[in-house]
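# Descriptive structure summary
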Amino acid sequence: MQRRTFLALGGLLVAAGTVGGWTLVQRQATPLLLSARDDADGNHYAVGYYLDGREAFSTRIAERCHDVVPHPSLPLAMFVGRRPSRESYLIDTRDGTLLQTLASPAHRHFYGHGVFHQDGDWFYSTENDTTDPGRGVLGVYRLQGNNRLERVTEHPTHGVGPHQLLWLPDGETLAVANGGIRTEADSREMLNLDNMEPSLVIMDRDGTLISKEQLPEQMNSVRHMAVASDGTLVTGQQYEGDPEHAVPLVAIKRPGQPFQPFPLGEVQRRAMHQYTASVAIHSELRRLAITAPRGNRFYIWDLDSTELLLDAPLPDCAGVAASRDGFVVSAGVGRCRHYDCRGSRIVTEYLELPAGFWDNHLRLA
Amino acid sequence: MLQRTPLAVAVLGLLLAGCGAEEPYTRVSAALTDGVLLPAYTAWAEADRQLADSAQAFCAGEQSLEQARASYLSAHRSWSALQPLQLGPLSENNLAWQVQFWPDKKNLVARQVEALLNSQPQLTQAELDKGSVVVQGLTAYEYVLFDPNIDLGDSAVQQRYCPLLIAIGNHQQALSSDVLARWKDEDGMQARLHSFPNDRYADAQEAVSDLLRTQVSAIDGLKKKLGAPLGRQSKGVPQPYQAEAWRSGASLAILAAAVDSAERLWQGANQDGLRSLLNSEHSELATRIDAAYADTRQRLGALDQPLGQLLADEAGRTALNALYDSLNRLHRLQEGELARALGIQIGFNAHDGD
């Protein structure tokens with residue numbers, strides 16, 4: 001190909017991206033890390049950094065965000081407001097332009113998580129019906145003009161206090177972690193510790209309940225999860241009961257099997273201090289990773305054999321996502337790490353990203 | 001294969017020109033390790049060795065109760081001095097419970113010691129080592145030596161409790177020497193605090209951050225240890241039995257050992273501690289932190305009665321509340337202004353997740 005032709009073609013692609021309103025998301029050789037982050041003064045930002053350290057954007061936002069949801073094909077990402085925020089932010093990931101501050105409707109607030117449907121037209125988020133505090137709602141939004149979400153309808157999440165939601169591999173069926181905790185508008189106070197109802201719900205995106213399963217311990221809040229390409233689903237729990245109780249802080253639902261505890265070593269279970277944060281699965285390498293910020297530990301297991309492969313100190317660890325070769329992990333303090341899981345020995349790499357102040361979750365786009 | 005300490009460490013884009021031994025954070029991390037942390041862990045292991053010897057000698061009739069009590073107090077003080085220095089193997093393996101059982105809200109120590117000795121009158125070391133943490137540590141040892149219901153002058157009583165004293169002494173000695181060995185291992189904490197990057201720290205800044213965070217969180221812990229008996233979590237009603245080491249009346253001596261050790265981390269053994277990282281623009285902050293330590297020390301020194309007695313009257317409670325406020329100022333200064341001046345994040349995911 002002539003150099004001139006190549007350049008022209010490149011120009012066309014850029015033009016398509018800026019004028020036509022749709023574009024190919026350039027699958028960068030260096031992925032873009034998306035996360036909520038603070039500065040030393042406690043201001044909140046939606047940020048994007050390439051893993052080689054280049055800053056793509058850092059956009060000041062009014063409220064603290066939780067998870068980030070990259071669009072499947074457009075250079076967009078939703079930074080979802082953290083409970084009980086009533087705002088989420090639609091960001092252009094090329095330059096950080098804040099395209100829309102999405103307000104939740106009356107008597108609803110965000111819980112911090114959402115998903116884009118695979119066709120790119122629909123966004124779903126977990127929300128609280130504050131007229132019946134804790135009643136889980138799936139907010140349904142439609143993407144308009146590639147820069148704006150409009151609320152269309154809502155469905156129940158068939159549970160209380162929903163938190164993370166993810167697609168099963170068909171891209172049409174949702175898994176919802178109903179944390180089981182009732183909270184009111186403008187508050188994070190837990191109202192029903194004596195009567196929690198955590199559950200894992202599988203539902204169609206039209207709202208139809210497919211299954212609802214519970215772990216035996218009523219105070220074991222199912223909060224975060226990851227889904228492998230074969231449909232294996234792993235959840236991380238936060239236990240609100242006695243610090244000494246031995247409860248399953250990680251659970252797994254393999255295809256066609258019931259939701260059940262994932263076997264943890266006693267040393268690891270204790271070290272977690274009843275609290276898991278982010279969960280990620282590397283589908284090709286069949287690895288499971290979880291951050292435990294109260295224990296200041298980061299773990300990697302073999303998803304199939306459940307063998308523990310890594311138990312590393314990582315103060316105030318936060319988000320984790322599968323990279324091509326392993327996992328990228330962020331932390332509220334210190335540098336982000338990459339754990340290369342290809343070989344027989346996991347290799348720790350320190351990323352040239354700004355240190356610290358990384359909030360709970362991260363995504364690679 | 002479980003990798004607790006991945007050996008291979010790669011660094012992406014390592015461009016740390018001039019990052020030699022003289023880099024200030026590297027210098028301070030190494031100096032504190034050699035001048036403050038290792039000496040404290042060594043002193044603890046030594047005090048536990050003497051504790052184990054003392055248990056044997058006391059039970060053989062070669063040591064008085066007073067001497068045995070002094071050995072316990074020395075072991076507890078040296079353990080308390082580790083509180084602001086508890087990073088690495090101690091905190092990560094949940095070992096602290098084996099050394100001290102606090103808070104003991106339900107008097108489990110007394111109940112479990114008695115139940116154990118009723119069921120195992122000829123208690124062996126192995127039985128204690130695999131038993132409950134409640135009876136393995138200094139709190140159980142203190143109960144035996146100081147509880148008014150246990151008259152160790154009576155030989156039958158001494159015979160009942162001696163197997164436990166000896167087993168606790170040995171358990172503590174083994175535990176502290178094991179922790180010290182792990183500090184000194186080839187890839188132990190000492191090495192990791194000396195050269196960077198390693199499998200634990202990306203750079204010296206991370207190591208110093210870990211040191212400051214551990215210290216700040218220990219000072220916060222001291223507030224809780226003083227606040228609980230003061231009734232700060234119980235509507236102002238004093239709870240003398242919620243104090244550490246209330247049976248021996250050593251609560252304040254133990255607190256003082258922890259404060260001293262926190263201050264050593266700040267000053268360094270040779271003026272090479274966290275303080276030395278502050279540049280001249282922060283000299284006023286350094287002076288205020290010096291003054292905050294001096295204030296806490298003076299208030300502690302002025303308390304001439306055990307905590308339990310001070311809790312019993314208004315003047316005592318006022319003095320203790322003033323001490324609490326002093327600790328609180330120290331905590332806030334270091335957690336806020338010092339951390340910021342040093343570019344250290346205390347972190348929020350651990351306390352404020354979702």
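Since we're looking at a predicted model, the values are computed, not measured.

### Brief notes about the UniProt feature "domain: Imelysin-like" (unreviewed entry) in chain B
Mapped onto the present numbering, the UniProt feature "domain: Imelysin-like" (unreviewed entry) falls on residues 38-333 of chain B. Strand forms 0% of residues 38-333 of chain B and helix 66%; the C-alpha atoms that close the span are 26 Å apart.

### A closer look at the state of the cysteines
Residues and elements named next belong to chain B. The full count for this structure, using the stated rule, is 1 disulfide over all chains. Disulfide partner of cysteine 59: cysteine 162, at an S-S distance of 2.0 Å. Across the disulfide from cysteine 59 to cysteine 162, rotation about the S-S bond amounts to roughly -95°, and the bridge is consequently left-handed. One end of the pair, cysteine 59, is in helix α1 (residues 24-59); the other, cysteine 162, is in helix α8 (residues 155-184), with 103 residues separating them in the sequence. Take cysteine 59: its relative accessible area is 22%, and that puts it in the partly exposed class. Under the relative-accessibility criterion, cysteine 162 is labelled buried at 7%.

### Quick look at the sheet that holds strand β20 (residues 279-282) of chain A
Residues and elements named next belong to chain A. Pairing is antiparallel across the open sheet formed by 4 strands, whose spatial order is β20-β21-β22-β23. Edge strands, defined here as strands with exactly one partner in the open sheet, are β20 and β23 (308-313). Between one strand and the next, the sheet's axes are offset by a mean angle of 15°, whatever the strand orientation.

### Examining the side chain of A:His71
All names here are of chain A. Inspection of the secondary structure assignment puts histidine 71 in the loop between β4 (65-70) and β5 (76-81). A distance of 3.1 Å separates a polar side-chain atom of histidine 71 from the backbone nitrogen of serine 73. At 2.8 Å, the side chain of histidine 71 and the backbone oxygen of glycine 120 are in polar contact. Those residues in contact with histidine 71 that lie beyond four places of it in its chain are Leu76, Ala77, Phe116, Gly120 and Leu143.

### Considerations on the pairing of strand β11 (residues 148-160) of chain A
Consecutive side chains along a regular strand alternate between the two faces of the sheet. Bridge count between strand β10 (residues 135-144) of chain A and β11(A): 9 bridges; the pairing is antiparallel. Across the sheet, A:Leu143 pairs through a bridge with A:Leu149, a residue of β11(A).

### As for helix α2 (residues 65-80) of chain B
Residue and element names in this part refer to chain B. With 16 residues, α2 extends 22 Å between its outermost C-alpha atoms, agreeing within 8% with the 22 Å of an ideal straight helix rising 1.5 Å per residue. Listed in full, the buried residues belonging to α2 are Ala68, Ser71, Tyr72, Ala75, His76, Ser78, Trp79 and Ser80. Buried positions along α2 lie against α1, α3 (89-92), α4 (96-99), α7 (138-146) and α11 (251-267).

### Considerations on empty space enclosed by the protein
All names here are of chain B. Following the criterion strictly, the structure yields 3 cavities of 30 Å³ or more and no others. Put simply, the largest cavity is a space of about 60 Å³. The wall of the largest cavity is formed by Lys225, Leu226, Ala243, Glu244, Ser251, Leu252, Leu255 and Leu307. Among the elements of the structure, α10 (204-230) and α11 are those that each provide at least two residues to the lining of the largest cavity. With 3 residues, α11 is the single largest residue contributor to the lining of the largest cavity. Taken together, the residues of the lining of the largest cavity break down into 5 nonpolar, 1 polar and 2 charged.

### Digging into the interface of chain A and chain B
Contacts between the two partners involve 48 residues from chain A and, on the opposite side, 35 residues from chain B. When the two sides are added together, the surface that chain A and chain B hide from each other amounts to roughly 3500 Å², 45% of it contributed by carbon and sulfur. Seen at the junction of chain A and chain B, the total is 7 salt bridges. B:Glu92 is the salt-bridge partner of A:Arg297, the closest N and O atoms lying 3.1 Å from each other. Between the two partners, chain A and chain B, sit 17 residue pairs in polar contact (both at pLDDT 80 or more). At the level of secondary structure, the elements contributing two or more residues to the side of chain A that touches chain B comprise β16 (220-227), β23, β24 (317-322), β27 (347-350) and β28 (358-364) of chain A. The element best represented in the side of chain A that touches chain B is β23(A), accounting for 5 residues. Among the residues making up the side of chain A that touches chain B, the classes are represented as 20 nonpolar, 10 polar and 18 charged.

### Details of the sheet that holds strand β6 (residues 87-92) of chain A
Residues and elements named next belong to chain A. Reading across from one edge, β4-β5-β6-β7 is the order of the 4 strands in this open sheet, with antiparallel pairing throughout. The open sheet terminates on both sides in strands that have one partner only, identified here as β4 and β7 (98-103). Across the sheet, the axes of successive neighbouring strands diverge by a mean angle of 20°, strand direction being ignored. For β4 and β5, the ladder comprises 4 bridges, and the chain directions are antiparallel. Looking at the pairing, valine 69 lines up with methionine 78 of β5.

### Brief notes about the domain arrangement of chain B
Residue and element names in this part refer to chain B. Annotation of chain B at the domain level lists domain 1 (24-192) and domain 2 (204-341). Inter-centroid distance (C-alpha atoms) of domain 1 to domain 2 is 23 Å. Each side of the interface is counted separately: domain 1 has 32 residues, and domain 2 has 37 residues. Taking both partners together, domain 1 and domain 2 bury about 3000 Å²; carbon and sulfur atoms supply 65% of that area.

### Remarks on the packing of α10(B) against helix α14 (residues 314-341) of chain B
Residue and element names in this part refer to chain B. Running from N to C, α10 and α14 cross one another at 160°; their axes reach a closest spacing of 10 Å. If you check the angle between α10 and α14, you find them roughly antiparallel. Taken as a pair, α10 and α14 cross one another with a handedness that is left-handed. Looking at the contact of α10 with α14, its residues break down into 13 nonpolar, 6 polar and 5 charged.

Reading guide: rules and limits
- Residues numbered from 1 in each chain as written.
- Chains lettered and ligands numbered in written order.
- Predicted model: local features only at pLDDT ≥ 70, side-chain atom pairs only at ≥ 80, totals over all residues.
- Heavy atoms only, no water.
- UniProt positions renumbered as here; feature names shortened; annotations may be inferred.
- Helix = DSSP H or I, 4+ residues; strand = E, 2+ residues; numbered from the N terminus.
- Disulfide = S-S within 2.5 Å.
- Buried < 20%, exposed > 50% of the residue type's maximum accessible area, 1.4 Å probe, protein only.
- Pairing = 2+ DSSP bridges.
- Axes fitted to C-alpha atoms, helices over the stretch in contact; angles between N-to-C directions.
- Polar contact = N/O pair within 3.5 Å; in protein donor to acceptor, adjacent residues only side chain to side chain.
- Contact = heavy atoms within 4.5 Å.
- Expected span 1.5 Å × (residues − 1).
- 1 Å grid on protein atoms, 1.4 Å probe; cavity = no way out; pocket = protein on both sides within 12 Å on 5 of 7 lines; lining within 4 Å.
- Points joined across faces, edges and corners; volume = space filled by probe spheres on them.
- Nonpolar A, V, L, I, M, F, W, Y, C, P; charged D, E, K, R; others polar.
- Buried area = accessible area lost by both parts, 1.4 Å probe.
- Salt bridge = Lys/Arg side-chain N within 4 Å of Asp/Glu carboxyl O.
- Domains from an automatic or database assignment.
- Parallel < 35°, antiparallel > 145°, perpendicular 65-115°, else oblique.
- Left-handed = near helix turned anticlockwise from the far one by under 90°.

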